[in-house]
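# Breakdown of the fold
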Amino acid sequence: MENYISISDIDDLQELIAEALQLKKDNTAANLGKGKTLGMLFFNPSLRTRLSTEKAAKLLGMDVMVMNADKDGWALEFEDGAIMNSDKAEHIKEAAAVLSQYCDIIAVRAFPGLKDREKDQAEIVMNSFRKYASVPVINLESATGHPLQGLTDAITIMELQQVKKPKVVLTWAPHPRALPQSVPNSFVEFMQNIDVEFIITNPEGYDLDPQIVKNTTVVHDQDTALKDADFVYVKNWSSFNDYGKILTEDKSWTFSGDKLELTNNAKVMHCLPVRRNVVINDEVLDSENAVVIHQANNRTFAAQAVLQRLLAPSPRRGSYLREK
Amino acid sequence: MENYISISDIDDLQELIAEALQLKKDNTAANLGKGKTLGMLFFNPSLRTRLSTEKAAKLLGMDVMVMNADKDGWALEFEDGAIMNSDKAEHIKEAAAVLSQYCDIIAVRAFPGLKDREKDQAEIVMNSFRKYASVPVINLESATGHPLQGLTDAITIMELQQVKKPKVVLTWAPHPRALPQSVPNSFVEFMQNIDVEFIITNPEGYDLDPQIVKNTTVVHDQDTALKDADFVYVKNWSSFNDYGKILTEDKSWTFSGDKLELTNNAKVMHCLPVRRNVVINDEVLDSENAVVIHQANNRTFAAQAVLQRLLAPSPRRGSYLREK
Amino acid sequence: MENYISISDIDDLQELIAEALQLKKDNTAANLGKGKTLGMLFFNPSLRTRLSTEKAAKLLGMDVMVMNADKDGWALEFEDGAIMNSDKAEHIKEAAAVLSQYCDIIAVRAFPGLKDREKDQAEIVMNSFRKYASVPVINLESATGHPLQGLTDAITIMELQQVKKPKVVLTWAPHPRALPQSVPNSFVEFMQNIDVEFIITNPEGYDLDPQIVKNTTVVHDQDTALKDADFVYVKNWSSFNDYGKILTEDKSWTFSGDKLELTNNAKVMHCLPVRRNVVINDEVLDSENAVVIHQANNRTFAAQAVLQRLLAPSPRRGSYLREK
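Residues numbered from 1 in each chain as written. Chains lettered and ligands numbered in written order. Predicted model: local features only at pLDDT ≥ 70, side-chain atom pairs only at ≥ 80, totals over all residues. Heavy atoms only, no water.

### So, the relation of the copies chain B and chain C
We count it as follows: What sets the superposition is a least-squares fit of C-alpha atoms, and only residues with pLDDT of at least 70 in both copies go into it.
Structural alignment of chain B on chain C gives an RMSD of 0.0 Å, achieved by rotating through 120° and translating 0.0 Å along the axis. Look at the turn and shift together and you get a three-fold axis relating the two.

### A word on the relation of the copies chain B and chain A
A rotation about an axis combined with a shift along that same axis relates the two copies of the chain. Selection rule: What makes two residues a contact is simply this: any of their non-hydrogen atoms within 4.5 Å.
After a rotation of 120° and a shift along the axis of 0.0 Å, chain B superposes on chain A with an RMSD of 0.0 Å. Little of the interface of chain B is mirrored in chain A, where only 3% of its interface residues again form contacts.

### Considerations on the sheet that holds strand β1 (residues 37-42) of chain A
Residue and element names in this part refer to chain A. Put simply, the test is: In short, DSSP must find at least two bridges between two strands for them to pair. The numbering of helices and of strands both runs from the N terminus, where a helix is a DSSP run of H or I of at least 4 residues and a strand a run of E of at least 2. Note on geometry: axes are lines fitted to C-alpha atoms, helical ones only across the stretch in contact, with angles between N-to-C directions running from 0 to 180 degrees.
Spatially, β2-β1-β5-β6 is the arrangement adopted by the four strands of the open sheet, whose pairing is parallel. Every other strand in the sheet has two partners, leaving β2 (63-68) and β6 (137-139) as the edge strands with one partner each. When strand polarity is set aside, the average angle formed by the axes of neighbouring strands in this sheet is 20°. As judged from the six bridges shared by β1 and β2, these two strands associate in the parallel manner. When the sheet's bridge partners are listed, L38 is paired in β2 with V64. This element, helix α3 (residues 92-102), spans β1, β2 and β5 (105-109) of the sheet and lies at about 130° to β5.

### Focus on the interface of chain B and chain C
Filter applied, for reference: Buried area is understood as the total, over both parts, of accessible area removed when two parts are fitted together, assessed with a 1.4 Å probe. One speaks of a salt bridge when a side-chain nitrogen belonging to Lys or Arg is within 4 Å of a carboxyl oxygen belonging to Asp or Glu.
Chain B puts 27 residues into the contact, and the matching count from chain C is 29 residues. Here chain B and chain C share an interface that buries about 2500 Å² over both sides, 55% of which is from carbon and sulfur atoms. There are three salt bridges connecting chain B and chain C. Between D286(B) and K93(C) there is a salt bridge, with the nearest N and O atoms lying 3.1 Å from each other.

### Some points on the pairing of strand β5 (residues 105-109) of chain C
Remember that side chains alternate between the two faces of the sheet whenever the strand is regular. Residue and element names in this part refer to chain C. The criterion, for reference: For every residue, the accessible area (1.4 Å probe, protein chains only) is compared with the maximum for its type, and the residue is labelled buried under 20%, exposed over 50%, or partly exposed between those bounds.
Counting buried positions along β5 gives five out of five residues, so the element sits mostly inside the fold. What you see with β5 is no split at all: I105, A107 and R109 on one side and I106 and V108 on the other are buried throughout. Pairing between strand β1 (residues 37-42) and β5: five bridges, direction parallel. Bridging across to β5, L38 finds its partner in I105. Pairing analysis gives three bridges linking β5 to strand β6 (residues 137-139), with the strands arranged parallel. Of the residues in β6, the one forming a bridge with V108 is N139.

### Notes on the packing of aromatic side chains
Operational definition: Two rings from Phe, Tyr or Trp (for Trp, the six-membered ring) form a pair when their centres sit within 6.5 Å of each other. Planes less than 30 degrees apart are called stacked, planes more than 60 degrees apart edge-to-face, and all others tilted. Look at NZ for Lys and CZ for Arg. If either is within 6 Å of the ring centre and within 35 degrees of the ring normal, a charge sits over the ring.
Scanning the model with the defined rule gives 15 aromatic pairs over all chains in all. Measuring from centroid to centroid gives 5.7 Å for F187(C) and F198(C), while their planes differ by 75°, and the two rings are edge-to-face. Of this pair, F187(C) sits in helix α7 (residues 182-191) while F198(C) sits in strand β8 (residues 197-201), and the two are eleven residues apart along the sequence. Each ring, one from F187(C) and one from Y233(C), has its centre 4.1 Å from the other, and the planes form 25°; the classification is stacked. Remark: Y233(C) occurs in strand β10 (residues 231-235) and F187(C) occurs in helix α7; sequence separation between them is 46 residues. Joined through ring pairs, the aromatic side chains of W172(A), Y206(A) and W253(A) make up one cluster. When the ring centre of F240(A) is taken as reference, the NZ or CZ atom of R117(A) above it lies at 4.1 Å.

### Regarding the sheet that holds β1(C)
Pairing in this open sheet of four strands is parallel, and the strands run β2-β1-β5-β6 (chain C) from one edge to the other. A single partner strand is all that each edge strand has here, and the edge strands are β2 (63-68) and β6 of chain C. Taking the axes of each pair of neighbouring strands and ignoring which way they run, one obtains an average angle of 20° across the sheet. Contacting β1 and β2 of chain C, helix α2 (residues 48-59) of chain B crosses the sheet at an angle of about 165° to β2(C). Across the sheet, helix α3 (residues 92-102) of chain C touches β1, β2 and β5 of chain C, and the angle it forms with β5(C) is around 130°.

### Thoughts on the pattern of salt bridges
Here the structure, examined in full by the defined rule, presents 46 salt bridges over all chains. Between R276(B) and D282(B) there is a salt bridge, with its nearest N and O atoms 2.9 Å apart. Since its relative accessible area comes to 2%, R276(B) is described here as buried. Judged by its relative accessible area of 18%, D282(B) falls in the buried class. The closest approach of N and O atoms between R276(B) and E94(C), which form a salt bridge, is 2.8 Å. Of this pair, R276(B) sits in the loop between β11 (267-269) and α11 (282-285) while E94(C) sits in helix α3, placing the two residues on different chains. Here R276(B) and E94(C) have matching classes, each one buried. Overlapping salt bridges bring together D80(A), K93(A), E94(A), R276(C), D282(C) and D286(C) as one network.

### Here's the deal with the environment of Q181(B)
Residues and elements named next belong to chain B. Which entries qualify depends on this criterion: Counting of polar contacts relies on pairs of N or O atoms within 3.5 Å, with two restrictions inside protein: one atom must be capable of donating a hydrogen and the other of accepting it, and residues adjacent in sequence are counted only when both atoms are side-chain atoms.
Tracing the backbone through its elements, the reader meets Q181 in the loop between β7 (167-172) and α7 (182-191). Note on Q181: relative accessible area 5%, which makes it buried. Note: C-alpha distance between Q181 and I212 (31 residues apart in sequence) is 11 Å. Residues within four places of Q181 in sequence aside, it is in contact with T144, L208, W237, S238, S239, F240 and Y243. A distance of 3.3 Å separates a polar atom in the side chain of Q181 from the backbone oxygen of S239.

### Observations regarding the environment of A312(C)
All names here are of chain C. Positionally, A312 belongs in the segment after α12 (292-311). The exposure class of A312 is buried, given its relative accessible area of 8%. Residues A312 and L32, 280 residues apart in the sequence, show an inter-C-alpha distance of 6.9 Å.

### Digging into unusual backbone geometry
In this chain, L272(A) is followed by P273(A) through a cis amide linkage whose omega measures 0°. Here P273(A) is to be found in the loop between β11 (267-269) and α11 (282-285). Phi at K214(C) takes a positive value of approximately 50°, unusual for a residue other than glycine. Residue position: K214(C) is located in the loop between α8 (210-213) and β9 (217-219). K214(C) sits in the exposed class, given a relative accessible area of 60%.

### So, the UniProt feature "binding site: N(2)-succinyl-L-ornithine" (unreviewed entry) in chain A
Residue and element names in this part refer to chain A. As a reminder of what qualifies: UniProt positions are given in the numbering used here, feature names are shortened, and annotations may be inferred rather than shown by experiment.
Here, UniProt's "binding site: N(2)-succinyl-L-ornithine" (unreviewed entry) annotation points to E141, H175, K235 and R275. With respect to the helices and strands, H175 occurs in the loop between β7 (167-172) and α7 (182-191). If we ignore the near neighbours within four places in the chain, the residues touching H175 are N236, I246, E249, R275, V278 and V279. In terms of polar contacts, H175 uses its side chain to reach the backbone amide nitrogen of R177, at 3.1 Å. Tracing the sequence through the fold places K235 in strand β10 (residues 231-235).

### Overview of the domain arrangement of chain A
Residue and element names in this part refer to chain A. Here is the rule we go by: Boundary definitions for the domains trace back to an automatic or database domain assignment.
The assigned domain composition of chain A is domain 1 (7-145 + 299-311) and domain 2 (147-296). Taking only C-alpha atoms into account, the centre of domain 1 sits 25 Å from that of domain 2. On the domain 2 side, the residues contacting the 31 residues of domain 1 number 32 residues. A buried area of about 2500 Å², summed over both sides, lies between domain 1 and domain 2, and 66% of it is on carbon and sulfur atoms. E159 is paired through a salt bridge with K24; the nearest N and O atoms lie 2.9 Å apart. Taken together, the connections running from domain 1 to domain 2 amount to eleven residue pairs in polar contact (both at pLDDT 80 or more). Listing elements by their share of the side of domain 1 that touches domain 2, those giving two or more residues are α1 (13-25), α2 (48-59), α4 (117-121), β6 and α12 (292-311). When residues of the side of domain 1 that touches domain 2 are assigned to their parent elements, the largest contribution, seven residues, is made by α1.

This is the structure in structure tokens:
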């Protein structure tokens, strides 16, 4: 693996999932990352992603340096040829090259603005780091994807499935704020690449990017979609069509005990944080069906499997770290 | 020890103090904490407490992850059954459970609001973590107590005492801001549990919580109280009765060289930071009698003794870490 | 070395440079810093300096604790005898002494205000730490100097020089904000102490502190100065005479391809971050002549050489760490 910016950087998903579950079972990890540094650069705040990735890196023996670009007001210029006489103090060309001197792997978080769809889809931050960094780059959630979460979710389903080809339903739920599509996008991509029966359900107007959805079935009636589900992934997102807008907060889409009744005693997933009694009701989150904490724990092993891939020299694949 | 949230979590204070002093003498510490992670969660800023606890953890071989909840604006919901459609993005149930996945021990700092006495006394943050975390919880200063400081203070007195049963005086001093009662509360509790002659002196209206003071003598005349003291602990706190209020900034309570004359050449203590010439005068702080830096150094060993207790599997007591 | 606050703390610059280049070649570093803690205290934001110094410390096996005094609003009192009844919560006497308990080396960054020249030149923050800390102090950029950058620059020139005594030109360049003189000051000091032919060029009114410049040639015509240069160090600074002011943003001083033509195919240096097409043009920064990334990488080895000096007990020089 050369970078981990999207699912397309993985060439053998099943094997990567197996590696993560192996790490979970026997985390003697040891010294693969000894003397190596992970630099984590946050343009947006992070708690869960930071902690799980930092923990994963340290389990591998790496040093971790955390940079909060949002707070230090480190305004980067991304445009080629810009005359930098205003508020941008450093060009991405230098920034990425310099971080590549101090770090063996760079992990970056950069949320979408949710105002300009074309701009968000250009993934300018992530793609600029890919272009100008001389070390591997990891996506800690970008404008349109969250592949560490997507990998976590695939791991969790493979780990907990009780039938060979479980039915997995991604369902939209209401939320008082406009949220990115990055988590559902990555979930869809990962589900399309493991052996499950997968459908999406959301209100009219909330269909995800057709380039992501491809030929996955989208049902606009939640009750129909939930029928016989083995896994239900509950998540809010803002409209892709009417970009970044909240079209409805329809409470009938809140995932409740009644909805759970429609499923095949489904495991209920969410990436967290979750707003109780708005997205998912207490009676579900406090039940045995909720696997959200189990899922959060798997974040560590997903990150560790990815870091291991980027670090590990092996007969089958070389390390992608830069020779210094 | 299962948690370290208040003095009641210690069942053998003398022995814990002895362990801390042993660590101070021979800090080969080694690898008790190797592969274990301390998560430090700050709802309020911290410098001294963070550094000493971080240092203690690293001396034990632990990894440390610091989370500034105050700055990341990570607003937690603490109420059961809340409909979370406003500013709180995550419920403590998930937050504590998730942190328990990434950390082997969670340390939390959460100051009082000093507006609503009943609310502060409920210690909702600390008690919620105790309830919902599946790993040990350490109090890094809460609404009503600061047991790492209290332990440090007990260690310092046991280490420096020159008579078998020294006279220890806790004296109030003026301060321009309304401060919590957490440090004096913990000091009182620890003094009540070691072999000293202990009295408190403060102006009328500044008596601490009677549930903490119990049958400890409180004297409202500072000069009388200081007579023959071997240790004087100087500290400001806001009124408990007229909750959170500053009733006086009476400079006659400032601890001066004249006050020191009244004592038995007392050692002068303060938890720091100290406002010079308001709380304690230069001539005292710059004298041999001041042991505030020595005391600050002991913060490390108090934290290390507590962490060791939580980590250490021993014949007499098991580790309280969660099996993962 | 007892501290590293200015170039005067180095007694054998050539040897220190050689040590840094040796570390760059063979960074097995090992365990010199094992069990030792570097505390980094920032009164101003830092990215490059923090990362390179943190990395250097970790390569030596040290633990690193980062403190952002700017954000935590930790207002220190520096005046002797002050009555601290206003916004300053702690005196430098206690602050430095307490940090010396938790850290084996303290590194401090404190920028100038650029309002009051006398105050900036007093270097009150750095000198107070030197006075009140009981452990070595490292300057991470202060009001009037940036000796880690200066050492880096000397290392880079010694490493890349192709003639025995290269011609080095420090040239002013325009910038939209008033910047400190600390980087050019330290560059001048280091150039005066290695075997180079060194001149400074800047517009009238921008002459640096005569106490720093000493008998170094200053030329006010950039084209004349650049002739046959082997190294060009481009940097903006605000006026020393008309203290902290921007007197001109004259674009004819921007370092362009045409300017490069005047030199002896010079290596172009800058401490970064650099504003493209304001300070240096794209055609120069994107050419083989620019060594700014190479130079940034050397920050790590400069910091490591300094830390090694402070840590290393050797036959020739003892460790300067405090016995605890």
